[in-house]
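Coordinate analysis (summary)
Chain residues, written in single-letter form:
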Amino acid sequence: MLQLLEKYSVFTLIRSRPLKIKPQWLAYLPYGLLIVLGSFLFNLSGEEYKIDWVSNEIFQLSFAIKIEPLSTLMLLFVLFIGINIYQYSGRYLLSDPSQSRFQYQLLLTLLSVGLFILSSNLLTAFIGWQMIGVNLYLLLNHYHYHSNANRSAKKKFIINRLGDMCFFTAVILCTIYYQETSFSILNEGTQHNLNLIILTLIFISVMTKSAQFPFHTWLPDTMEAPTPVSALMHAGIINAGGLLLAKLSPSLIQHPPLMLFILSIGSITFLMGTLFKLVQMDTKRQLAYSTMSQMGYMIMQIGLGCFTTAVFHLITHGLYKATLFLDSGSTLVSKISRKNETKKNYLLIFHSLVISTIVVVSSIQITKIFGKEADGVLLLDLFMFIAVNEYMLSILKKKEKQITLFPSILFIFIACTAYYFFLNMLYETIFFTHQKNLNHPAFENLIGLIITAWYSASLFLNKNNTLFKTNFFKKLIVLIHNKFYIELYFQRLIIAPFKKTNGRRNIIIYLFLSQVLMNTLILFYDKENKIIIYSLITTLLFLILFQINKPDKEFFFSTKKELKNKLSPKETYLSITLFMLIGLPFTPSFFTWFYIVKMSILYAPKTLPIILMSNILISIIVLHILQDYIFTSKYNLREKYLSSLPKYLFGILHRDNPKKTNTHYKEKISFFLIIMSLLLSFFPYFFFY
Amino acid sequence: MNVALSISEASKILPVNWPLPASIAVNPLWDLVEKPIERVIAENGSYLAINGSLSAEEYHHLLKKDKITKNDLKKSICEFLKKNKQTEIPENILHSILNIFLSNELFSALNKNELSIARKKTIFQHHDMIEIKNSMLEFFLLYFNNHVNFHFSENPKNGLFETWKEYKILKDKAWKDFFKTLSKDKSIIKHEILTLLNINENLYIPLFKTALSQFIGWAGLAKWSLRPNNPFSIKNFSLDDILLIWLCHLYEKKQFEKSNLFNEIKHFLEKPKKNKNLYQLLNKEPFIKERIKNNFILINTIEKIDIFSIYFIYQSAWEKKYHSQLINLITPQQGVAPSKKIEAQFIFCIDTRSEGLRRHLETTGAYQTFGYAGFFGCLFELNDKINHKKSLQCPAIVEPHIKLSLECNEKNEFKNIISNIFSAIKEAKDQQLSPFSIFEIFGIYIAYFFYSKNQNIKCFQNFTKKIFRPDEQIYFESLENFLSKIDYSQFIENLYCLLRSVGLTENMSEYVFICAHGSEMNNNPFQATYECGACGGNNGSMNAILACAALNDHSVRKRLEERSIRFGKNTQFIPAVHNTTTDKIEILTRSVNIPECILKNLSKASGLLQKERLKTLPSQKDCDFKKSDWADMIPEWALANNACMIIGPRDLTQNKNLERRSFLHSYEPCLDPKGEILENIMTAPLIVVHWINMQYYFSATDPKIYGSGNKAIHNVVPSLGVMEGNISDLKFGLPLQSVFFKEKRIHEPRRLFVIIYAKKEHVNKILDKHKHVKSIFEGEWAFMHVMEPK
């Protein structure tokens, strides 16, 4: 049965190694399937599938998936990127003993991204959002025995946790006042003030996920994971926030102040990212800050009301970034393309300015003649102009400029026009509500002014100019190099507030007791005992799943002074149980937290921040525990701590001789279990009714 | 002791770290080679945490599998005791020591000791120490950033320290006050801080060692930049400045922040850790305690074996088995029947990978093969304007005096236009404010490149090749131009040496191939480590072409004939290159007609070698796929598992499978009555080979310090090297993927075993003349065996 499943599943088609088939066109097979899937989905567009998960007095939870052009497009894009990265990592991580674990985690991440993309209500989106977060945490922790990898994964998870709590509250607000959470209800905009609150909360969580300004600090620190993880994250995951905002576009447009907020956050992030990128020397962090600025640019486009452009940008950026990341090893020999000229040739700059003005203006006019008008915001046209100008400059500086000039002008003109045509096509297929009056002239002009000043300074001023040697400039660079000291304060206030507390053991035991209490609380409100049974099943499944896929192998041969760092079954159970405390979807504590937050909104709104903070603090503590006692190599502490805990908590499922089981067999079971757990988690309907 | 002297003394523990684009294998402890290997490691173990050997568990495993035999172990114990001036060792005591070495208790004690060392917190893990290290690493990166650095460089003489001082003053007011307490003169500050910290003069060297051992990569780069003739220009980056910055940080921590770091460092310096000896190790084991009891002679001898020596005794016992096997294999054959007429002769590089090719080539026909260092007597600096690359085409020890540049005058207009249009996109993307719209305009088309690169589609490769690389014909044309500029007279001595040491002074066949080697891979920052070491980590084909052109030249031949070298009537020298990734041989000239049977046999031999090699590679894919696959971290195993070097005629090793583990250098003792050629070999190629061997050895035994870590998380610093993860020291040595696969060792760390087929007097004379060569063998960094020719 298992063999059959594996033989005929989709995974064989997209497995890591390219198929050993002679004709090359057969390698296109999975992509052909993608196209078929795409056309199938486009035909289905407009249909919504809804499943009631739980519905009683307290919980009105339902999944909903809707197929529409936007989600189909995004799904195809993410699958395309994901399949390629999956194949890449199959060859790239061949020397890694835990490669299969990595591959499965990659697939799980992809599936959760897929769920998020297809979702048509806030709860489903939230669940996808959370699954992405947890899977990414596990992926970033691939080398869990490196404390650095651990720290960066933890940082990412905690910062995202802030946003998750906001999203969570938004979902509960929706269930309280609308009794359901679908996007269409929000988009109708019946309750203006409530919608503003919900959308603001969602935007805050988007800020944490898409690395917007005060929450961007986790992004550049994620280089401790294998390169494919970075590629997937920067290409397919980080832009999920943009997609969510695009889905909520009709209701966002009804709130101009919020749009102004979005615009300002986006532009600040964009400026910061560009500045930070300047002082980086190493390739991967350069790419990370570039992603940050690109995400800022995308959010800025959303703030301007250009949703189509934002979606288009998100896709093109994803494709570009994935290529750059996967190819990052080849940047060692950097060919210095433009020599540092001491004096600028102003005549040349003048030529390029004239040419690029003509190119940009004419391509915009031509699209106006032939098709509908694109978003047409002046600020974005400015960026287009800058790009074309840079292109023309590098053409004009070539030796063979005389023969290249005309073809290159033609080329860039065609490319620009094609871009505008693509935008129009996208606009027609996705049908965004698009309003011209949404511009914020004052703010837009301010950003435009800053960018024009910056660009003209870089264009016209020589490098030897005395302006660059002033103390002000030096101070600015020192400031930028220290990232405006943002991370320092983040570290002190949010990441590690409990650095000096002792006696964590007490806290853990307390946590376990509270988990038991929370679960008993459910019993009072769930008279049909559905939830408790469901949560027991999922808990068991989670335990078994992690037992099999547990990160137990060391990467390489241990050397003399280094110890074998293994996660014993005990520790794995502990880590999973700890994860179950913080209210991830499909764990029992999810319902508990849901209930607590809902009650506090209804009866004691003042306690809400305290409760949300307590969840965040608990997750911080949990991650600290995971890092200090389970993942890192503080052996003395670990042994002491584990021996003192009651043995029966872990001893029940403890296998005596884990070496005996065949790894191949293990993989098969894990494969089966993943599918089973997915079925179980996504369609509990079959179990209950 | 003088400060400057103690810095130079302390810097001996640093390796010379070559920038990765032209990285060269180096013995990381080369400056300490006068001392025996185990003493060097024991003395510097507290700074660098190196072992230089396998773990106890692995030796135990080897012992169980009979890869370390009882006899060999006994021999190596004997040798060790003799070295330590134990004159009389009674047989029964030797026997009981051997029993201790064979016992499980010793291994368990060693394991416990390893555990306790790993658990102990050293000062290098002190969080203030790590903080200082990280802030310095961040600053080094900023210092090398060309975008930003020009703001600080008002005075072009400003070095690392001045820039750092300016940076710190701008950053923090506390640092401004700190610098007010110190004098302004840079040369005085170091003395000032050292006196303020109240450090005894004896402790200067250990203090500097603790500082420098944290920055092996960057400080090694600074050490490299002292070399006179470097292919890249590097900024003012000196060891003095690195040390000075570290001392400033240390003093600042002591003065302002009330950190206990300084006290701990002082404690660490004043009470150096003593290594345990065998007796102390076994003292707690009851089983062995009984055996030792009251046997005072045994206790005395045991006390002289310290813990590092135990590991090296096992190591040399393990190596001994290989040595005896190899010597048995290579007994000189008597009465070799004169073979048929030789069709062609091949001169290969001494690289281990050529050994397999030579073995297979000789089976296909009547061919004669030789080995010589891969630069083939041509030392020059190349400025390749086609691939925008500067390189030193010579071994690292030598300095070339000739500069050549390679240009290509391609006149294909269409190609020029297309390549310009494409490259301008890349250039425009790297500017500050343009990437946003550039991504939007061209991002959609990138999907095709992304996909075809990932699937490694051939038509895509051909497309990029056609656009961005010159046509082959034009390439060869420009090569000929390049050759015409050279004055051959400088090479004649080198070429004479090449022909004589190989033994090609007469009986030249019609075709003599000079075959260099190079590798081909994609997206791999470590490409230089796969290339020819004798050509300075570059493709050796240029050297082969140059050597052939010189040897085909009439005037050169005349002058060589004056020195009693007899060229055949129709002898032609043909350059070729062996692609080590695909094992294919490419002929690098168009002007000679080569008989088809030779070409056929060449491809047959390369096919045989490819078959043999593919069995060992992890993914059983064709090499054509591997060479252009951007996801492949292990395109080939390069020189992994190298173990020996054989200096002698090919007759010794003919028809014998040496498993691609040996460097084969041709040498005819009868042509060298005075031993000059042998001297040349033992002072240049031997040392390069020793470096290669030691680099692999230490990368395999101490991957954390002398290896560059996991390739999957490497973060490239353009034109300098790689870091691991977010921030780390610049990495030195080979990555894990070059010496390990999963949990298996691909490279078995063995010290070099040199077999020389020459007279013993010659060898001894040379060793006496060159002390550093002698110390390699005396300190057991490598082993030697001399075979007397009859």
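Residues numbered from 1 in each chain as written. Chains lettered and ligands numbered in written order. Predicted model: local features only at pLDDT ≥ 70, side-chain atom pairs only at ≥ 80, totals over all residues. Heavy atoms only, no water.

1. Let's talk about the overall build of chain A
- Helix and strand counts for chain A come out as 30 helices and 2 strands.
- Looking at chain A as a whole, 60% of its 689 residues qualify as buried.
- Taking the intrachain contacts of chain A between residues at least 6 apart in sequence as the baseline, contacts between residues at least 24 apart amount to 79%.
- Here chain A displays about 28,300 Å² of accessible surface, and carbon together with sulfur accounts for 67% of that area. (Helix = DSSP H or I, 4+ residues; strand = E, 2+ residues; numbered from the N terminus. Buried < 20%, exposed > 50% of the residue type's maximum accessible area, 1.4 Å probe, protein only. Contact = heavy atoms within 4.5 Å. Areas by Shrake-Rupley, 256 points an atom, 1.4 Å probe, with all protein chains shown as cover.)

2. Considerations on the overall build of chain B
- Counting its secondary structure elements, chain B contains 36 helices and 16 strands.
- Here chain B has a C-alpha radius of gyration of 29 Å; the compact-globule value for 790 residues is 28 Å, and the two agree.
- Based on the C-alpha atoms only, the size of chain B along its principal axes is roughly 75 × 75 × 50 Å.
- Classification of the 790 residues of chain B by burial places 61% in the buried group.
- Relative to all contacts within chain B whose residues are 6 or more apart in sequence, the contacts with residues 24 or more apart total 75%. (Rg over C-alpha atoms; globule rule 2.2 N^0.38 Å.)

3. As for the sheet that holds strand S4 (residues 389–393) of chain B
Residue and element names in this part refer to chain B.
- Pairing is mixed in the open sheet, where 3 strands are placed in the order S4-S3-S5. Each edge of the open sheet carries a strand with a single partner, namely S4 and strand S5 (403–406). Across this sheet, the average inter-strand angle for adjacent strands is 20°, counted without regard to direction.
- By the bridge criterion, 5 bridges tie strand S3 (residues 380–384) to S4 in an arrangement that is antiparallel. Across the sheet, Asn383 pairs through a bridge with Lys390, a residue of S4.
- On the sheet, helix H27 (residues 541–552) packs against S3, S4 and S5 and is oriented at approximately 115° with respect to S3. (Pairing = 2+ DSSP bridges. Axes fitted to C-alpha atoms, helices over the stretch in contact; angles between N-to-C directions.)

4. As for the confidence of the model for chain B
- Taken as a whole, chain B shows an average pLDDT of 86; of its residues, 93% reach a score of 70 or greater.
- Reported for the predicted complex are a pTM of 0.88 and an ipTM of 0.93. (pLDDT = per-residue confidence, 0-100.)

5. Digging into the packing of aromatic side chains
- Counted under the stated rule, the structure contains 65 aromatic pairs over all chains.
- Ring centres of A:Phe270 and A:Tyr297 lie 6.2 Å apart, and the angle between their planes is 50°; on these two criteria the pair is classed as tilted. Pair noted here: A:Phe270 is in helix H13 (residues 256–278) and A:Tyr297 is in helix H14 (residues 283–303), with a separation of 27 residues, a long-range link. As far as burial versus exposure is concerned, A:Phe270 and A:Tyr297 are alike and both buried.
- A centroid spacing of 5.4 Å and a plane angle of 70° characterise the contact between B:Phe178 and B:Phe179, whose relative ring orientation is edge-to-face.
- By the ring-pair criterion, three or more aromatic residues cluster together here, those being B:Phe139, B:Phe140, B:Tyr143, B:Phe144, B:Tyr167, B:Phe215, B:Trp218 and B:Phe237. (Phe/Tyr/Trp six-rings, centres within 6.5 Å; stacked < 30°, edge-to-face > 60°.)

6. A few points about helix H17 (residues 378–396) of chain A
- For H17(A), built from 19 residues, the straight-helix expectation of 27 Å at 1.5 Å per residue is met to within 8% by its first-to-last C-alpha distance of 26 Å.
- Along H17(A), 17 of the 19 residues are buried, which leaves the element largely enclosed by surrounding structure. (Expected span 1.5 Å × (residues − 1).)

7. As for the environment of B:Ile386
Residue and element names in this part refer to chain B.
- The residue Ile386 is located in the loop between S3 and S4 in this model.
- The buried category is assigned to Ile386, whose relative accessible area is 15%.
- In this structure, the C-alpha to C-alpha distance between Ile386 and Asn454, residues 68 residues apart in sequence, is 26 Å.

8. Regarding the pattern of salt bridges
All names here are of chain A.
- Scanning the model with the defined rule gives 42 salt bridges over all chains in all.
- With a closest N to O distance of 3.6 Å, Arg161 and Asp164 form a salt bridge. On the criterion of helical spacing, the pair formed by Arg161 and Asp164 is a turn pair, its members being 3 residues apart in helix H7 (residues 147–178).
- Judged by relative accessible area, which is 5%, Asp164 ranks as buried. (Salt bridge = Lys/Arg side-chain N within 4 Å of Asp/Glu carboxyl O.)

9. Notes on the sheet that holds strand S1 (residues 344–349) of chain B
All names here are of chain B.
- Strand order in this open sheet of 5 strands is S2-S1-S6-S7-S8, and the pairing throughout is mixed. Unpaired on one side and paired on the other, strand S2 (367–372) and strand S8 (584–587) mark the two borders of the sheet. Ignoring which end each strand starts from, the neighbouring axes of this sheet average 30° apart.
- As defined by bridge partners, strand S6 (residues 511–518) adjoins strand S7 (residues 572–579) across 8 bridges and the pair is classed as parallel. By the bridge assignment, Phe513 is partnered in S7 with Ile574.
- Against the sheet, helix H20 (residues 352–364) touches S1, S2, S6, S7 and S8, its axis set at about 165° to S2.

10. Regarding a nonpolar patch on the surface
- A grouping of A:Phe350, A:Val354 and A:Ile358 is seen on the molecular surface, where their side chains present a nonpolar patch of about 290 Å² in accessible area.
- Mapped onto the fold, A:Ile358 is located in helix H16 (residues 346–370). (Patch = residues over 30% accessible without salt bridge, like charges linked within 9 Å, V, L, I, M, F, W, Y side chains within 5 Å.)

11. Quick word on the interface of chain A and chain B
- At the junction of the two partners, chain A supplies 116 residues and chain B supplies 110 residues.
- Both faces combined, the contact of chain A with chain B buries some 10,500 Å², and carbon together with sulfur accounts for 63% of it.
- Between the two partners, chain A and chain B, sit 5 salt bridges.
- For B:Glu166, the salt bridge identified is with A:Lys474, shortest N-O distance 2.6 Å.
- Viewed at the interface, chain B and chain A are joined by 36 residue pairs in polar contact (both at pLDDT 80 or more).
- Top contributing element to the side of chain A that touches chain B by residue count: helix H15 (residues 307–326) of chain A, with 12 residues.
- Of the residues contributing to the side of chain A that touches chain B, the split by class is 58 nonpolar, 34 polar and 24 charged. (Buried area = accessible area lost by both parts, 1.4 Å probe. Polar contact = N/O pair within 3.5 Å; in protein donor to acceptor, adjacent residues only side chain to side chain. Nonpolar A, V, L, I, M, F, W, Y, C, P; charged D, E, K, R; others polar.)

12. Observations concerning the pairing of S7(B)
Residues and elements named next belong to chain B.
- Counting buried residues along S7, 7 of its 8 residues qualify, which places the element largely inside the surrounding structure.
- In terms of strand pairing, S7 meets S8 through 4 bridges, oriented antiparallel. Bridging from a neighbouring strand, Ala576 pairs with Ile587 of S8.

13. Focus: the nonpolar core
- By size, the foremost hydrophobic cluster in this structure holds 360 residues, and its most contacted members are B:Phe101, B:Trp218 and B:Trp246.
- With 16 residues, the single largest contributor to this core is H7(A).
- In contact with B:Trp246, other than residues within four places in its own chain, are B:Met129, B:Ile132, B:Met136, B:Leu207, B:Ala211, B:Gln214, B:Phe215 and B:Ile265.
- Residues B:Ile402, B:Leu406, B:Tyr488 and B:Phe573 belong to the second largest nonpolar core, which totals 38 residues. (Core = buried A, V, L, I, M, F, W, Y, C linked by side-chain atoms within 4.5 Å.)

14. As for the packing of helix H3 (residues 56–64) of chain B against helix H19 (residues 307–329) of chain B
Residues and elements named next belong to chain B.
- With their axes 11 Å apart at the nearest point, H3 and H19 run at an angle of 35° to one another. Handedness of the crossing formed by H3 with H19: left-handed. Of the residues in H19, those in contact with Ala56, Tyr59 and Leu62 of H3 are Tyr311, Tyr314, Gln315 and Trp318.
- Here the contact of H3 with H19 is built from residues that sort into 6 nonpolar, 1 polar and no charged. (Left-handed = near helix turned anticlockwise from the far one by under 90°.)

15. Observations regarding a positive patch on the surface
- Taken together, the side chains of A:Lys475, B:Lys173, B:Lys176 and B:Lys180 make up a positively charged region of the molecular surface.
- Broken down by element, the positive patch gets its largest block of residues, 3 residues, from helix H10 (residues 173–181) of chain B.
- Tracing the backbone shows B:Lys180 in helix H10. (Lys, Arg positive; Asp, Glu negative; His and termini not counted. Charge placed at Lys NZ, Arg CZ, Asp CG, Glu CD.)

16. Thoughts on the confidence of the model for chain A
- Residue-level pLDDT values for chain A average 74, and 68% of them are 70 or greater.
- Every residue in residues 633–689 of chain A is under pLDDT 50, and counting partners more than four places away or in other chains gives 92 contacts.

17. Some remarks on the side chain of B:Asp351
All names here are of chain B.
- Topologically, Asp351 is positioned in the loop between S1 and H20.
- A polar atom in the side chain of Asp351 sits 2.8 Å from the backbone nitrogen of Arg353.
- Discounting chain neighbours no more than four positions away, the residues touching Asp351 are His517, Leu639, Ser662 and Phe663.

18. What to know about helix H36 (residues 771–778) of chain B
Residues and elements named next belong to chain B.
- Listing the buried residues of H36 in full gives Val773, Ser775, Ile776 and Phe777.
- Buried residues belonging to H36 abut helix H31 (676–683), helix H32 (685–701), strand S15 (752–757), helix H35 (760–769) and strand S16 (782–787).
- Downstream of H36 by one or two residues, Glu780 has phi in the positive range, about 60°.

19. Examining the environment of B:Ile746
Residues and elements named next belong to chain B.
- Within the element layout of this structure, Ile746 appears in the loop between strand S14 (744–745) and S15.
- Taking the C-alpha atoms as reference points, Ile746 and Asp583, separated by 163 residues in sequence, lie 20 Å from one another.
- When sequence neighbours within four positions are dropped, the list of residues in contact with Ile746 reads Trp637, Ala640, Asn641, Val739, Phe740 and Phe741.

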